[in-house]
Each structure stands twice: as structure tokens, then as C-alpha cells.
Amino acid sequence: MAKTAYVTDLKSLQGECSANYLRLTRLLGELEAGEVREVALKGRETRFGSLWLEVLERAPYTSIVRVSQSGVLDAIIEPLRMRVHLYHDVRMAEVTDFQRQRHFDGRYRYPNARMHQPDEKLQLNRFLGEWLEHGQAHGHSLDLPAFR
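Every chain begins its residue count from 1, and numbering advances along the sequence as written. Where totals are concerned, whole chains, interfaces and linings use all residues; where local detail is concerned, this predicted model gives features only for residues with pLDDT of at least 70, and gives and counts side-chain atom pairs only at 80 or more. Note that the side-chain values use all heavy atoms of the structure and ignore hydrogens as well as water.

### Side note on the pairing of strand β2 (residues 47–58)
Next up, step 1: Across seven bridges, the pairing between strand β1 (residues 36–42) and β2 is antiparallel. Opposite K42, over in β2, you have R47 as the bridge partner.
Next up, step 2: Whether two strands pair comes down to DSSP finding at least two bridges between them. Strands here mean DSSP runs of E at least two residues long; helices mean DSSP runs of H or I at least four residues long; both are numbered from the N terminus. Count of turn residues in the β1/β2 antiparallel hairpin: four residues.
Next up, step 3: With nine bridges connecting them, β2 and strand β3 (residues 62–71) associate as antiparallel partners. Within β3, the position partnered with E54 by the bridge is R66.
Next up, step 4: Connecting the antiparallel pair β2 and β3 is a turn made up of three residues.

### Looking at the packing of helix α1 (residues 10–28) against helix α2 (residues 120–138)
Next up, step 1: Relative to each other, α1 and α2 sit at 30 degrees, their axes nearing to 9 Å. Here α1 is positioned roughly parallel relative to α2, judged by the angle of their axes. The element α1 and its partner α2 pack so that their crossing is left-handed. Between α1 and α2, the residues in contact are S12, L13, E16, C17, N20, R23, L24, R26 and L27 and K121, L122, N125, R126, L128, G129, L132, E133 and Q136, respectively.
Next up, step 2: Taken together, the residues of the contact of α1 with α2 break down into seven nonpolar, five polar and six charged. Structural elements are reduced to axes, namely lines fitted to C-alpha atoms, with helices fitted over the stretch in contact, and the angle between N-to-C directions of any two is expressed from 0 to 180 degrees. Any angle between 65 and 115 degrees counts as roughly perpendicular, while under 35 counts as roughly parallel, over 145 as roughly antiparallel, and the rest as oblique. By the definition used in this description, the sense in which the near helix is turned from the far one sets the handedness, with an anticlockwise turn below a right angle giving left-handed and a clockwise turn giving right-handed. When checking whether two residues touch, look at their non-hydrogen atoms; a contact exists if any pair is within 4.5 Å. Three categories are distinguished: nonpolar for Ala, Val, Leu, Ile, Met, Phe, Trp, Tyr, Cys and Pro, charged for Asp, Glu, Lys and Arg, and polar for the others, with Gly belonging to the last.

Read these as spatial facts, not as claims about activity.
Printed below as a string of C-alpha cells:
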């Protein structure tokens, strides 16, 4: 049986980027360049970490935000972090940097030297969406009203 090449699912990628734009703008509120928001993440009774949103740059058509998380395992494993570009004119947010890796292609041949999945870009943007949803569902910020 012949193996078919992966074809980038642009509709799914654009849908994720659009949904992530809404999630991020909701969490960011009116933060300006240089400002940071900490969203405390709680379980049933204890706090287990924080989701950090830092606006690195803000311009009329684009913004750049660093999304990271700190928690109880920071001394053992490297904390998660990514850089996200928000494109205000098209209302999309795209992951452009994850754990110090930059510029992800829409598709990769597999296997490859860096072991990227064929749909690595889509997976990173889906992960961002799940991460932000978790922050909205289980987090709270002292300087914002409830996220819901």
C-alpha cells in the first residue's frame, strides 16, 4: 500500500488561530507592551502554578505575546513557553516560537532530523488553544473580573 503525503489542513489551522485570537484577547484585556498578567491555576484546593501572559510588542495590526507557565516542577523540567503573534486585522493568533524553536513549517516530511510531526504547526496551535482554555476554566487573576 502506497503512503500518501500529508496535506496541510488550512481550514483547521485557520480555525485554531481564530479561536486562539479570541481566547488570548479575552485573557489579555487591555494590557500594553511590557505588561504582564499572571493567571493563578488552581486544583480543587491548592494552587499548582501560574499561566503568564506578557505583551512583548503591541502595534495597530500585530502584537507579540509570550505565554509561559510556572509551577511546582520548574526545578526538574524546563517550564513551557511560547511566543504568539496576534494579527489584529484578520483576528488570528499563531504560535511562532515554542521552547526556543522558531519558524514552524506548515508540513514536514517524516521522519526528519528534528522529529517534527508532519502537522507540527497545527499541533502547536491546538496545544495553545487547550492551554488557554485550561487557564480560562481553572485560573483566576486578581486584576480581572471572572474570565467566563
